[in-house]
Amino acid sequence: MAEINIEPKKRSSWAWIVVLLILLVVGYLLYKYFFEAQGGSPETSGAPTAGMIMPIAPVFLSY
């Protein structure tokens, strides 16, 4: 009778690649949240970004 050699299947490396991609995305989002949210950008400071800003006094009187 012939001998049948059954070896366990090797794990796919796709799982590690997916895990690394997920960790990269989470790390990037944490970096954006903790290190770039401290600036004075309009997204975080609540400053109005749309519309035209009109001065109270005419421009020629402000000099």
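Here the structure is shown first, and the text comes after it.
Residues numbered from 1 in each chain as written. Predicted model: local features only at pLDDT ≥ 70, side-chain atom pairs only at ≥ 80, totals over all residues. Heavy atoms only, no water.

Caption draft 1: Up close: the overall build of the protein. Within the protein, the secondary structure is distributed over two helices and zero strands. Taking all 63 residues of the protein together, the buried fraction comes to 0%. Per element, the accessible surface of the protein, about 6900 Å² overall, is 69% carbon and sulfur. (Helix = DSSP H or I, 4+ residues; strand = E, 2+ residues; numbered from the N terminus. Buried < 20%, exposed > 50% of the residue type's maximum accessible area, 1.4 Å probe, protein only. Areas by Shrake-Rupley, 256 points an atom, 1.4 Å probe, with all protein chains shown as cover.)

Caption draft 2: Summary view of the packing of aromatic side chains. In this structure the tally under the stated criterion is one aromatic pair. Plain terms: the ring middles of Tyr33 and Phe34 are 5.1 Å apart, the flat faces sit at 80° to each other, and that makes the pair edge-to-face. Phe34 gets classed as partly exposed once you look at its relative accessible area, which sits at 46%. (Phe/Tyr/Trp six-rings, centres within 6.5 Å; stacked < 30°, edge-to-face > 60°.)

Caption draft 3: A nonpolar patch on the surface, seen in detail. A surface patch of nonpolar side chains, amounting to about 1200 Å² of accessible area, comprises Val18, Ile22, Val25, Val26, Tyr28, Leu29, Leu30, Tyr31, Tyr33, Phe34 and Phe35. Position of Val26 relative to the elements: it lies in helix H1 (residues 14-35). (Patch = residues over 30% accessible without salt bridge, like charges linked within 9 Å, V, L, I, M, F, W, Y side chains within 5 Å. Salt bridge = Lys/Arg side-chain N within 4 Å of Asp/Glu carboxyl O.)

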